[in-house]
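These are the residues of each chain, in order.
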Amino acid sequence: MMRIIALITTLLCALPVAAQTNINLGGISADPTAAVEVSADNLSVDQDTGTAVFSGNVLIGQGDLRLSAGEVEVIYSAATGDIARLKARGGVTFVTATEAAEAQSADYDLVAGTLLLQGDVLLTQGASALSADQMQVNLTTGDAQMSGRVKTIFRQDNN
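Residues numbered from 1 in each chain as written. Predicted model: local features only at pLDDT ≥ 70, side-chain atom pairs only at ≥ 80, totals over all residues. Heavy atoms only, no water.

## Points about the overall build of the protein
Here is the rule we go by: Secondary structure elements are defined from DSSP: runs of H or I of at least 4 residues count as helices, runs of E of at least 2 residues count as strands, and each element is numbered from the N terminus. Accessible area is worked out with a 1.4 Å probe on protein chains only. A residue is then buried under 20% of its type maximum, exposed over 50%, and partly exposed in between. We call two residues contacting when some pair of their heavy atoms lies within 4.5 Å. Only the protein chains shown count as cover for residues, and all accessible areas are computed by the Shrake-Rupley method using a 1.4 Å probe.
The secondary structure content of the protein amounts to one helix and 11 strands. For the protein, the α and β elements follow one another from N to C terminus as α-β-β-β-β-β-β-β-β-β-β-β. Residues counted as buried form 35% of the 159 residues belonging to the protein. Put simply, 39% of the contacts in the protein that link residues at least 6 apart link residues at least 24 apart. Just so you have it, the protein exposes about 8600 Å², and 50% of that area is on carbon and sulfur atoms.

## A short note on the packing of aromatic side chains
Defined as follows: Any two of the Phe, Tyr and Trp rings considered here, Trp counted by its six-membered ring, make a pair once their centres fall within 6.5 Å; the pair's planes then place it as stacked at under 30 degrees, edge-to-face at over 60, or tilted in between.
Applying the stated criterion across every chain, the model contains one aromatic pair. Measuring from ring centre to ring centre gives 6.5 Å for Phe 94 and Tyr 108, while their planes differ by 80°; the resulting arrangement is edge-to-face. Residue Phe 94 is located in strand E6 (residues 83-95), and its partner Tyr 108 is located in strand E7 (residues 99-109); the two are separated by 14 residues in the primary sequence. The burial state of Phe 94 is the same as that of Tyr 108; both residues are buried.

## So, the pairing of E6
Under the convention used in this document: Strands were regarded as paired on the criterion that DSSP finds at least two bridges between them.
As defined by bridge partners, strand E5 (residues 65-76) adjoins E6 across nine bridges and the pair is classed as antiparallel. If you follow Glu 71 over to E6, its bridge partner there is Arg 89. Turn length for the E5-E6 hairpin, with the two strands adjacent in sequence and antiparallel, is six residues, and the turn residue Gly 81 shows positive phi of about 85°.

## Some remarks on the confidence of the model for the protein
For clarity, the threshold we go by: pLDDT runs from 0 to 100 and stands for how confident the predictor is about each residue.
Averaged over every residue, the pLDDT of the protein is 78; residues scoring 70 or more account for 75%. Per-element mean pLDDT across the protein ranges from 33 in helix H1 (residues 2-14) up to 93 in strand E3 (residues 42-46). pLDDT under 50 marks residues 1-22. Its contacts with residues more than four places away, or in other chains, come to 35 contacts.

## Here we look at unusual backbone geometry
If you check the backbone angles, Asp 120 has positive phi at about 50° while not being a glycine. Assignment of secondary structure puts Asp 120 in strand E8 (residues 114-125). Its relative accessible area of 58% is what places Asp 120 among the exposed residues. For Arg 149, which is not glycine, the phi torsion reads 55° and is therefore positive. Assignment of secondary structure puts Arg 149 in the loop between strand E10 (143-147) and strand E11 (151-153).

## Section: the nonpolar core
Inside soluble globular proteins, nonpolar side chains tend to come together where they are buried. Stated precisely, the cut-off is as follows: Grouping buried Ala, Val, Leu, Ile, Met, Phe, Trp, Tyr and Cys residues that are joined through side-chain atoms within 4.5 Å yields what is termed a nonpolar core.
Residues Val 72, Phe 94, Tyr 108, Leu 115, Leu 117 and Met 135 are the most contacted members of the largest nonpolar core, which totals 30 residues. Breaking this core down by element, the ones donating at least two residues are strand E4 (51-62), E5, E6, E7, E8, strand E9 (128-138) and E10. Here this core gets five residues from one element, more than from any other, and that element is E5. Not counting chain neighbours up to four residues away, the residues in contact with Leu 117 comprise Phe 94, Ala 101, Ala 103, Ser 105, Ala 106, Asp 133, Gln 134 and Met 135.

## Here's the deal with the pairing of E4
Judged from the three bridges that link them, strand E2 (residues 37-39) and E4 form a sheet pairing that is antiparallel. In the strand pairing of E4, Ser 39 is matched with Leu 59. Two strands pair when backbone bridges link them, and E3 and E4 are joined in this way by five bridges, in the antiparallel orientation. In the strand pairing of E4, Asn 42 is matched with Ser 55. Taking the residues between adjacent antiparallel strands as the criterion, E3 and E4 are bridged by four residues, where Gly 50 takes a positive phi near 70°. Across 10 bridges, E4 lies against E5 in antiparallel orientation. Bridging from a neighbouring strand, Ala 52 pairs with Val 74 of E5.

Here you go:
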């Protein structure tokens, strides 16, 4: 955790007026090949487009990653029939064992292993918080980029 804070502090101090920063979010990583479990109040399926829309108290789990949102569109691969992408909107929250991220919308590409959060993004890591307009995460490596009015609060643990 201290290594991540030191890296972020170095990046922010080196570019104090920059609207973009690169960070490593080791906790927001996932196995895109793990099973996906979905629960919701409603489900609408469109066989022609290969999509399903879950709405109302949507909860999705994949390994240690948890997602909640008002609505999630599930897009299936035409080639394999597996879930290829999840598009969430309406109070989106991603949670792992060490971090949590909130946004207005999210696009989780299971094939590419990427997550794009947009709109009032808030990331918390322990006592520290980062906010931005957008955050892109490579879920395989944990590398992330935040852009658009990036703000941060760093708090030291006083042990």
